[in-house]
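# A closer look at the structure
Below, each chain spelled out in residue letters.
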Amino acid sequence: LTARFWWQYSDAGTSQVNFCRVSGDMRCFWTGSSKKFAIGDDDGTYFYSPNFAFTVGQTVEIIARWTTTTLGVWVNGVKVIAQTGTFVLTAPDSYKIFEPSAGSGTQSLLSAQVWPSALTDAQCAAMYEWGQPEPELPFLIAPADGKNTNAFAKIYNIPGEAQGLLRLMYTDAGTQDYDQV
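Fair warning: this is a prediction, and the values are worked out from it, not measured in the lab. (Residues numbered from 1 in each chain as written. Predicted model: local features only at pLDDT ≥ 70, side-chain atom pairs only at ≥ 80, totals over all residues. Heavy atoms only, no water.)

Quick look at the side chain of Ser10 now. Tracing the backbone through its elements, the reader meets Ser10 in the loop between β1 (2-8) and β2 (16-21). A distance of 3.1 Å separates the side chain of Ser10 from the backbone oxygen of Thr106, its partner in a polar contact. Among all residues touching Ser10, those that are not within four sequence positions of it are Thr106 and Gln107. (Helix = DSSP H or I, 4+ residues; strand = E, 2+ residues; numbered from the N terminus. Polar contact = N/O pair within 3.5 Å; in protein donor to acceptor, adjacent residues only side chain to side chain. Contact = heavy atoms within 4.5 Å.)

Given below as structure tokens:
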């Protein structure tokens, strides 16, 4: 699984900002208290980046990648977490995009993209040079079961209006919800 986000930094205090949560522990997040990014597997094994000092309003690209043998995070095209080993991952039937913790203040996600496969290191690093995707106007009817079984069905816990820079993927190979896009 590979997920890419463009986040407009806002001080989260001591709270967390989850960018992608596949399960309780399998997630990529910002730790407001230590000013680091983190990525974890289903066993609750977490790895942390060095500290960052962002300016309020600064736009940051984050890419998280999970495989059974590697966990990685890129920030603005630079790999800041590179772990190898054996990791426990659950094949997701749903996931949450952008889940700020209570007390994290107003957070803005400018764009999100999710691939069901692991992109290469070179692909992850090169995406920063591509820049933020252009705005698109997605049309989607959310699935009846409330799960993000297609590219995006819902954005969780964003107060007010979402900025709407979402990229939906379409395939006719599935039987659930794909005909709704």
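Inspection of the secondary structure assignment puts Gly77 in the loop between β7 (70-75) and β8 (78-84). The class for Gly77 is buried, based on a relative accessible area of 18%. Through-space distance from the C-alpha of Gly77 to that of Ala125 is 4.5 Å; in sequence the pair is 48 residues apart. For Gly77, the contacting residues outside a window of four places in its chain are Glu61, Ala125 and Tyr128. (Buried < 20%, exposed > 50% of the residue type's maximum accessible area, 1.4 Å probe, protein only.)

Below, the discussion takes up the sheet that holds β7. Read across the sheet, five strands follow the order β8-β7-β6-β1-β10 without closing on themselves; strand pairing throughout is antiparallel. Lying at the two open borders of the sheet, with one neighbouring strand each, are β8 and β10 (108-115). Shown here is a sheet whose adjacent strand axes are inclined to one another by a mean of 10°, direction ignored. In terms of strand pairing, β1 meets β10 through seven bridges, oriented antiparallel. Of the residues in β10, the one forming a bridge with Phe5 is Ala112. Against the sheet, helix α1 (residues 121-130) makes contact with β1, β6 (59-66), β7, β8 and β10, and its axis sits at roughly 170° relative to β6, the strand it touches most. (Pairing = 2+ DSSP bridges. Axes fitted to C-alpha atoms, helices over the stretch in contact; angles between N-to-C directions.)

Attention shifts here to the packing of aromatic side chains. Inspection of every chain in the model, using the stated rule, returns 17 aromatic pairs. Taking 5.6 Å as the distance between ring centres and 50° as the angle between the ring planes, the aromatic pair formed by Tyr9 and Phe54 counts as tilted. You can see Tyr9 sitting in the loop between β1 and β2 and its partner Phe54 sitting in the loop between β5 (46-48) and β6, a full 45 residues away along the chain. Taken together, the ring pairs in this structure connect Phe5, Trp7, Tyr9, Phe19, Trp30, Phe37, Phe52, Phe54 and Phe98 into an aromatic cluster. In this structure, Arg27 packs its charged tip against the face of Phe29, placed 3.9 Å from the ring centre. (Phe/Tyr/Trp six-rings, centres within 6.5 Å; stacked < 30°, edge-to-face > 60°. Lys NZ or Arg CZ within 6 Å of the ring centre and 35° of its normal.)

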